[in-house]
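# Examining the three-dimensional arrangement
Given next are the chains, with one letter for each unit.
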Amino acid sequence: MEIKNWDFNTFLAFLLIYASHADLEFTESEKEQIQKIISPEKFEELYAIFNNMTDYQVLELIISYKDTYFSTAAEREQIFDEMKKLFAADGDFSYLEKQLIMFLEKLL
């Protein structure tokens, strides 16, 4: 899968895969939440890409889409709302997940 020119749902799913690992646990409920956005097949492709990248590479990729998907306050709010829904999926909005939200809000 090409990692340039992702549509919004593909980018959002990748960001959520990254975010779901913030608390060092990736739950089935988080996976199901992400698969509501993209197909299971595309999820597996994105997950493989994620697993083959360093944290630095993942952040570089996310930042590369800043102007595309974080250009307005409404877009930012939509993305961060999706992240918060994901964090609530496992019933535990952890300290690490809250810190990731704060970090990404500053970065993006």
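Bear in mind the structure is a predicted one, so any value in this text is a computation, not a measurement.

### With respect to the nonpolar core
One finds Phe11, Phe14 and Met83 to be the most contacted residues of the largest nonpolar core, which totals 35 residues. Counting only elements with at least two residues in this core, the list comes to α1 (8–20), α3 (40–51), α4 (55–64), α6 (73–89) and α7 (95–107). In this structure methionine 83 touches Leu15, Leu16, Ala19, Leu100, Ile101 and Leu104, once residues within four positions along its chain are discounted.

### Considerations on the packing of aromatic side chains
Inspection of the entire model under this criterion finds 13 aromatic pairs. Ring geometry for phenylalanine 11 and tyrosine 69: centres 5.3 Å apart, planes at 25°, overall stacked. Linking phenylalanine 11 in helix α1 with tyrosine 69 in helix α5 (residues 66–69), this pair joins segments that are 58 residues apart in sequence. By the burial criterion, phenylalanine 11 is buried, and tyrosine 69 matches it. Feature note: the residues Trp6, Phe8, Phe11, Phe14, Phe26, Phe43, Tyr47, Phe50, Tyr65, Tyr69, Phe70 and Phe80 constitute an aromatic cluster, connected by ring pairs.

Calculation rules
- Residues numbered from 1 in each chain as written.
- Predicted model: local features only at pLDDT ≥ 70, side-chain atom pairs only at ≥ 80, totals over all residues.
- Heavy atoms only, no water.
- Core = buried A, V, L, I, M, F, W, Y, C linked by side-chain atoms within 4.5 Å.
- Buried < 20%, exposed > 50% of the residue type's maximum accessible area, 1.4 Å probe, protein only.
- Helix = DSSP H or I, 4+ residues; strand = E, 2+ residues; numbered from the N terminus.
- Contact = heavy atoms within 4.5 Å.
- Phe/Tyr/Trp six-rings, centres within 6.5 Å; stacked < 30°, edge-to-face > 60°.

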